[in-house]
Amino acid sequence: EKVEITKEQWALIKAILDAYNRHQIPQDVTKKLLQEQYSAEENFLLLTEVATSQVQVLVEFTKNIPGFLSLDREDQIALLKGSAVEAMFLRSAQVLSKKMPRGYTEVLEERIRKSGMSEEFMTPMFNFYKNIGELHMTQEEQALLTTITILTPDRPYVKSHEAVERLQEIMLDVLRKLCVLQHPQEPQYFARLLGRLTELRTLHHYHVEMLTSWKTNDHKFTPLLCEIWDVQ
Ligand SMILES: CC(C)c1onc(-c2c(Cl)cccc2Cl)c1COc1ccc(-c2ccc3[nH]c(C(=O)O)cc3c2)cc1
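Here is what the cut-offs are and how they apply
Residues numbered from 1 in each chain as written. Predicted model: local features only at pLDDT ≥ 70, side-chain atom pairs only at ≥ 80, totals over all residues. Heavy atoms only, no water. Salt bridge = Lys/Arg side-chain N within 4 Å of Asp/Glu carboxyl O. Helix = DSSP H or I, 4+ residues; strand = E, 2+ residues; numbered from the N terminus. Near = heavy atom within 4 Å. Polar contact = N/O pair within 3.5 Å; in protein donor to acceptor, adjacent residues only side chain to side chain. Areas by Shrake-Rupley, 256 points an atom, 1.4 Å probe, with all protein chains shown as cover. 1 Å grid on protein atoms, 1.4 Å probe; cavity = no way out; pocket = protein on both sides within 12 Å on 5 of 7 lines; lining within 4 Å. Sits in = over half its atoms within 2 Å of the grid points. Contact = heavy atoms within 4.5 Å. Phe/Tyr/Trp six-rings, centres within 6.5 Å; stacked < 30°, edge-to-face > 60°. Buried < 20%, exposed > 50% of the residue type's maximum accessible area, 1.4 Å probe, protein only. Points joined across faces, edges and corners; volume = space filled by probe spheres on them. Nonpolar A, V, L, I, M, F, W, Y, C, P; charged D, E, K, R; others polar.

Engineer: A description of the pattern of salt bridges should follow, citing residues and the corresponding values.
Structural biologist: Under the definition given, this model contains 16 salt bridges. Measuring nitrogen to oxygen at the nearest pair gives 3.3 Å for the salt bridge that ties Lys63 to Glu60. Residue Lys63 and its partner Glu60 are both found in helix α3 (residues 40-63); the two are separated by 3 residues, about one turn of the helix. Across the pair Glu110 and Lys114 runs a salt bridge, and its minimum N-O distance is 3.2 Å. Connected through shared salt-bridge partners, Asp72, Glu74 and Lys159 make up one network.

Now the structure itself:
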């Protein structure tokens with residue numbers, strides 16, 4: 001049927017895309033990924049620094065999601081803690097699938113592969129990166145999919161499930177319409193995007209074990225990561 005995006009929905013897309021583009025990791029942090037040292041220790045430290053910076057960026061982005069700040073304060077925290085890993089898988093996937101200048105993508109992939117994480121997590125992780133790359137998502141789709149991931153109602157400790165669900169449904173409806181308009185030749189495109197959300201849940205479970213395996217090898221995380229991931 002004829003898909004119609006309303007004026008309000010276009011305003012919502014613009015607000016979310018502006019917030020998504022406005023909040024980026026500072027250049028001096030991402031530039032460090034290009035420095036010379038490649039030991040597992042050095043890679044882990046660099047990834048920890050980038051992840052910490054990414055969490056700070058994520059918090060700022062989330063505050064700009066229309067309606068988020070009207071949610072219960074404790075639910076806002078529960079949503080951020082519950083979605084941080086998934087939002088970071090999405091963000092790093094988008095960065096890895098872009099052909100960045102100066103082999104930035106290869107450098108990041110190399111550091112992730114050689115950061116002391118067990119082999120068993122590599123396959124599903126890089127499979128996800130490949131799947132995201134094949135979707136060739138537009139900026140709007142990336143920003144909306146990240147927003148939908150953050151507004152997942154069934155995270156631990158969320159009290160007002162319905163309020164979060166209502167907000168997520170608004171975003172899902174906008175993304176559905178956008179997919180029909182931007183990928184007219186691919187009627188299943190929206191369903192494929194949602195399939196990535198399921199894959200993110202699985203990666204989230206793997207990530208809990210990744211943290212434990214890093215911890216046992218006495219890897220240190222920053223206070224912000226410890227707080228958001230309930231480690232230490
Ligand atoms: C604490 C560290 C070791 C960690 O634990 N799990 C993960 C971990 C891993 Cl590997 C994989 C996936 C998710 C996590 Cl959450 C990580 C590292 O997490 C990140 C790695 C890279 C990026 C990243 C890299 C480059 C970037 N460029 C930009 C940009 O805006 O230009 C953003 C950006 C983000 C973000 C998180």
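Engineer: With reference to specific residues and values, describe the site of the ligand.
Structural biologist: Surrounding the ligand, one finds 23 residues, the nearest of these being Gln24, Arg91, Tyr104, His207 and Trp214. Arg91 places a polar side-chain atom, nitrogen or oxygen, 2.9 Å from an oxygen atom of the ligand. With respect to the ligand, the side chain of Tyr104 contributes an N or O atom lying 3.1 Å from a nitrogen atom. Protein coverage of the free-state accessible area of the ligand, which is 730 Å², stands at 97%. A molecule is said to occupy a pocket when more than half its atoms come within 2 Å of that pocket's grid points, and by this definition the ligand occupies the largest pocket. At the level of secondary structure, the elements contributing two or more residues to the shell around the ligand comprise α3, α4 (73-97), α5 (104-113), α9 (189-216) and α10 (223-229). With 6 residues, the single largest contributor to the shell around the ligand is α3.

Engineer: Run through the side chain of Arg91, naming residues and quoting values.
Structural biologist: Here Arg91 is to be found in helix α4. Among all residues touching Arg91, those that are not within four sequence positions of it are Tyr20, Gln24, Gln54 and Gln142.

Engineer: Give a detailed account of the packing of aromatic side chains, specifying residues and quantitative values.
Structural biologist: According to the stated counting rule, one finds 10 aromatic pairs in the structure shown. When the ring of Tyr20 is compared with that of Phe61, the centres are 5.6 Å apart and the planes differ by 80 degrees; the resulting orientation is edge-to-face. With Tyr20 in helix α1 (residues 7-22) and Phe61 in helix α3, the pair connects residues that are 41 residues apart, well separated along the chain. Here Tyr20 matches Phe61 in class, with each residue buried.

Engineer: Could you give an account of unusual backbone geometry, naming the residues involved and the relevant values?
Structural biologist: The backbone phi angle of Tyr157 is positive, close to 70 degrees, even though this residue is not glycine. One can find Tyr157 in the loop between α7 (139-150) and α8 (161-182). Since its relative accessible area comes to 73%, Tyr157 is described here as exposed.

Engineer: Give me the lowdown on empty space enclosed by the protein, citing residues and values where you can.
Structural biologist: Scanning all chains against the criterion turns up 1 cavity of 30 Å³ or more. Looking at the largest cavity, the residues that line it are Tyr20, His23, Gln24, Gln54, Val57, Leu58, Phe61, Ala87, Arg91 and Thr146. If you list the elements that add at least two residues to the lining of the largest cavity, you get α3 and α4. The greatest single-element share of the lining of the largest cavity, amounting to 4 residues, is contributed by α3. In terms of residue class, the lining of the largest cavity is made up of 5 nonpolar, 4 polar and 1 charged.

Engineer: How would you sum up the layout of surface pockets? Please name residues and give values.
Structural biologist: If a probe as big as a water molecule is rolled over the atoms, it shows which places are left empty. One number sums up the size of the largest pocket: a volume of about 840 Å³. Along the walls of the largest pocket sit 39 residues, with Ile25, Val50, Gln54, Ser92 and Leu108 positioned nearest its centre. For the lining of the largest pocket, the secondary structure elements donating two or more residues are α2 (27-32), α3, α4, α5, α6 (119-135), α9 and α10. No other element matches α3, which puts 8 residues into the lining of the largest pocket. Here the residues of the lining of the largest pocket are counted per class, giving 25 nonpolar, 10 polar and 4 charged.

So far we have only geometry, and geometry alone does not tell us how the molecule works.
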